[in-house]
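Notes for the structure review
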Amino acid sequence: MSNKNLLPVALGKEKADIVFKNGKIIDVFNERIIEEDLAVSNGKIIGWGNYSGVKEIDLNGKYISPGFIDAHLHLESTMVSVEEFAKTVIPLGTLTIVADPHEIANVAGEIGVEYFLNLGKNLPWNFNLMIPSCVPVTPFDNSGAVLDALKIKEMLSKNQFFGLGEVMDFEGIINGQDYIWDKIELMQNYFIDGHAPKLKDKLLNAYLLAGIRADHETTTSQEALEKVSKGLYVMVREGSVTRDLESILPAINDSNVSYFLFATDDRHPEDLLSEGHINFMIKKAISLGMNPLRAIRLATINAAKALGINYLGAIAPGYQADLIIVENLNDLTIKEVYKDGMLVAKEGKFLFSINSGNSSKPEPVFNSIKIPKIKENDFHMPQGETYRIMSLIKDQIVTKLDFFSPKSELYEDELIKNGINKIAVVERYQKNGKIGLGLLKEFNLKSGAIASSIAHDSHNIIVIGSNSYDMKVAVEKISELHGGIVVTKDGNVLDFLPLPVGGLVSEEPIEYVSQKLKDLRKIVYDLGVKIQSPFMTLAFMGLPVVPELKITCEGLYDVVNHSFVSLVLE
């Protein structure tokens, strides 16, 4: 229906479909409250004033907020299906997401992206899927797919995408590399997301010439101020591992507030259930001293404006009637959620009937673990006098390059006594069948092994252990499950979480996944590990773009000097 047909409703000559009575409308443009009736027809906001409706809802003084927007996230990080994620966050008020599927894309390419797209577009939210910009993330590893400019052009001709996913290859941008600039120039009329950790001065100037619109890797107020001064929108990130809200908040003032918005990036099942989603970010900002109306502004109209979406993020005539009914602004208790004027959640319960229309299970997504027969001696370390080792830094995913010289031959018992574990990456895509070997210090696994098919961003199988046999058993179980997280000891599988969707995502309810992760964490703590996020930490040991030393199926990679190095010091 054309908005022209809604003119009689706006003028009060005809009844609206719904009128919310006795509510407090949150005006995000002026950061104020308007106490008027709110009229909705045909899924759109008509306006406020003295209106009557076919259906009238008495809010008894409750607040009406626009639906929340998560401007940047990875669905795979939730480890649950797209539908399960939607059922979790929609009752929390998140009605718009912008998702970058670069994890599933690295596993299954275009087919993986289309699988997510088909699931997400049939749910009661605004589902915006990006085309990943960096598949693979780096030429120094082996992933399951390649999305070059030619493939992206083909994908755009077949499906509707929101923009180009976070451009992590800032060196390629700055150095004018055609392989990344070809993608940038192809997507100039789309939203282009950024990834610019600590970029400043001339390097930031060069990066922004690519038309990058926003960045979620800002971690300090000073960094935020420079980026905003150069016209870059800053996505204030509060994920499960990386939490930047408190450090960035001091940079936000009355002059620049419109350049800040919220994003979760990577949020895990336990945190979604115990803390929440964008609603948690709003509450945390309020607890840190931000005015509640301003915090809601960052989660709504600021995000919509930054993303270039002109019909979302506010309660104003012609905007989509994506509304949240809130008890009060102190604890932000969400009572009801409306999508296009239709009630989709109430009292924390998802009300919508899901029919994804996609019952197929594409082979590249559900059969992505393809490894040869694993032998125990595949994880035996070569003999030498001195070894390069990766040394963890507390509460970080970066490592230091360190060295270890055993007293005689390299024995597993001596490694454990020195806080060192064997670590390996097993190529899973039938590209070369290689297994990269390394040593990791400060993970402190005293016995057994942990294997996972989550290993950013190529997602080959990563395994850490006190001995070769438990490492073998763990990897074999991953293969049997078609992906997952496995813990072994004394040749026995202690527990596991199947992740059959690309080796990244479960098909079980979020409550099951959350509890299973807690169970697995307790087991590895009993095996000596004290790291707060052991599985996520392990996953990042395979990412050869984070300093200083990382492990791939090709072997050890010196991130600082951009070269592979041998495990044994020559």
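Owing to the predicted nature of the structure, the values given are computational and were not obtained by experimental measurement.

Reading guide: rules and limits
- Residues numbered from 1 in each chain as written.
- Predicted model: local features only at pLDDT ≥ 70, side-chain atom pairs only at ≥ 80, totals over all residues.
- Heavy atoms only, no water.
- Axes fitted to C-alpha atoms, helices over the stretch in contact; angles between N-to-C directions.
- Helix = DSSP H or I, 4+ residues; strand = E, 2+ residues; numbered from the N terminus.
- Parallel < 35°, antiparallel > 145°, perpendicular 65-115°, else oblique.
- Left-handed = near helix turned anticlockwise from the far one by under 90°.
- Contact = heavy atoms within 4.5 Å.
- Nonpolar A, V, L, I, M, F, W, Y, C, P; charged D, E, K, R; others polar.
- Pairing = 2+ DSSP bridges.
- Domains from an automatic or database assignment.
- Buried area = accessible area lost by both parts, 1.4 Å probe.
- Salt bridge = Lys/Arg side-chain N within 4 Å of Asp/Glu carboxyl O.
- Expected span 1.5 Å × (residues − 1).
- Buried < 20%, exposed > 50% of the residue type's maximum accessible area, 1.4 Å probe, protein only.
- Polar contact = N/O pair within 3.5 Å; in protein donor to acceptor, adjacent residues only side chain to side chain.
- UniProt positions renumbered as here; feature names shortened; annotations may be inferred.
- Phe/Tyr/Trp six-rings, centres within 6.5 Å; stacked < 30°, edge-to-face > 60°.

What follows covers the packing of helix 3 (residues 102–120) against helix 4 (residues 149–158). Helix 4 packs onto helix 3 with a crossing angle of 30° between their chain directions and a minimal axis gap of 12 Å. One finds that helix 3 runs roughly parallel with respect to helix 4. Where helix 3 crosses over helix 4, the two elements pack in a sense that is right-handed. Listed contacts from helix 4 to Glu110, Val113 and Glu114 of helix 3 are Lys151, Glu154, Met155 and Lys158. Of the residues in the contact of helix 3 with helix 4, the class split is two nonpolar, no polar and five charged.

This brings us to the sheet that holds strand 19 (residues 349–350). The strand order across the open sheet formed by seven strands is 3-2-7-16-17-18-19, and the pairing between neighbours is mixed. Looking at strand neighbours, the two that pair on one side only are strand 3 (32–34) and strand 19, the edges of this open sheet. Here strand 16 (residues 323–326) runs beside strand 17 (residues 334–339); their pairing, made up of four bridges, is antiparallel. For Ile325, the partnering residue across the bridge sits in strand 17 and is Glu336.

Right, let's get into the domain arrangement of the chain. Partitioning the chain into domains gives domain 1 (67–313) and domain 2 (368–569). Listed per partner, the contact involves 28 residues of domain 1 and 40 residues of domain 2. With both sides pooled, the region where domain 1 packs onto domain 2 buries about 2,800 Å², and carbon together with sulfur makes up 65% of that total. Its largest share of buried area at the contact with domain 2, domain 1 owes to Met79, Phe140 and Asn142, together 25% of the area lost on that side. Between the two partners, domain 1 and domain 2, sit one salt bridge. Residue Glu270 is joined to Arg521 by a salt bridge in which the shortest nitrogen-to-oxygen separation is 2.5 Å. Elements with a minimum of two residues in the side of domain 1 that touches domain 2: helix 2 (82–89), helix 3 and helix 10 (269–274). Sorting elements by how many residues they give to the side of domain 1 that touches domain 2 places helix 3 first, with six residues.

Before going further, it helps to examine helix 16 (residues 468–481). The first and last C-alpha atoms of helix 16 sit 20 Å apart over 14 residues, in line with the 20 Å expected at 1.5 Å per residue. Counting buried residues in helix 16 gives ten out of 14 residues, a clear majority hidden from the surface. Among the residues making up helix 16, those that are buried are Ser468, Asp470, Met471, Lys472, Val473, Ala474, Val475, Lys477, Ile478 and Leu481. Where helix 16 is buried, its residues contact helix 15 (412–417), strand 22 (420–426), strand 24 (449–452), strand 25 (461–465), strand 26 (484–489) and strand 27 (492–498). Put simply, Asn467 is the residue that caps the front of helix 16, since its side-chain oxygen is 3.3 Å from the backbone nitrogen of Tyr469. Two residues or fewer after helix 16 comes His482, characterised by a positive phi angle close to 65°.

Next up on the list: the UniProt feature "domain: Adenine deaminase C-terminal" (unreviewed entry) in the chain. Under the feature "domain: Adenine deaminase C-terminal" (unreviewed entry), the UniProt entry names residues 416–562. With 27% helix and 30% strand, the stretch residues 416–562 has end C-alpha atoms that lie 30 Å from each other.

Take the pattern of salt bridges next. Per the counting criterion, the structure on display carries 37 salt bridges. Its salt-bridge partner being Asp244, residue Arg237 comes within 3.1 Å of it at the nearest N-O pair. We note that Arg237, like Asp244, is buried. Across the pair Glu507 and Lys361 runs a salt bridge, and its minimum N-O distance is 3.2 Å. Here Glu507 is found in the loop between strand 27 and helix 17 (510–526), whereas its partner Lys361 is found in the loop between strand 19 and helix 14 (363–366), with 146 residues between them in sequence. Salt bridges here are not isolated pairs; linked through shared partners, they connect Glu238, Arg243, Arg267, Asp271, Glu275 and Lys284.

Scanning the entire structure with this criterion turns up nine aromatic pairs. Ring plane angle 80° and centroid distance 6.4 Å describe the contact between Phe29 and Tyr319, whose orientation is recorded as edge-to-face. Note that Phe29 is positioned in the loop between strand 2 (24–27) and strand 3 and Tyr319 in the loop between helix 13 (301–307) and strand 16, a separation of 290 residues in sequence. The exposure class assigned to Tyr319 is buried, which follows from its relative accessible area of 11%. A ring pair is formed by Trp125 and Phe127, whose centres lie 5.5 Å apart and whose planes are at 10°; its orientation type is stacked.

Before going further, it helps to spend a moment on the pairing of strand 1 (residues 16–21). It is a general feature of regular strands that their side chains alternate between the two faces of the sheet. The buried count for strand 1 comes to five of six residues, which makes it a mostly enclosed element. With three bridges joining them, strand 1 and strand 4 (residues 37–41) adopt antiparallel strand pairing. Among the inter-strand pairings, Phe20 is bridged to a residue of strand 4, identified as Leu38.

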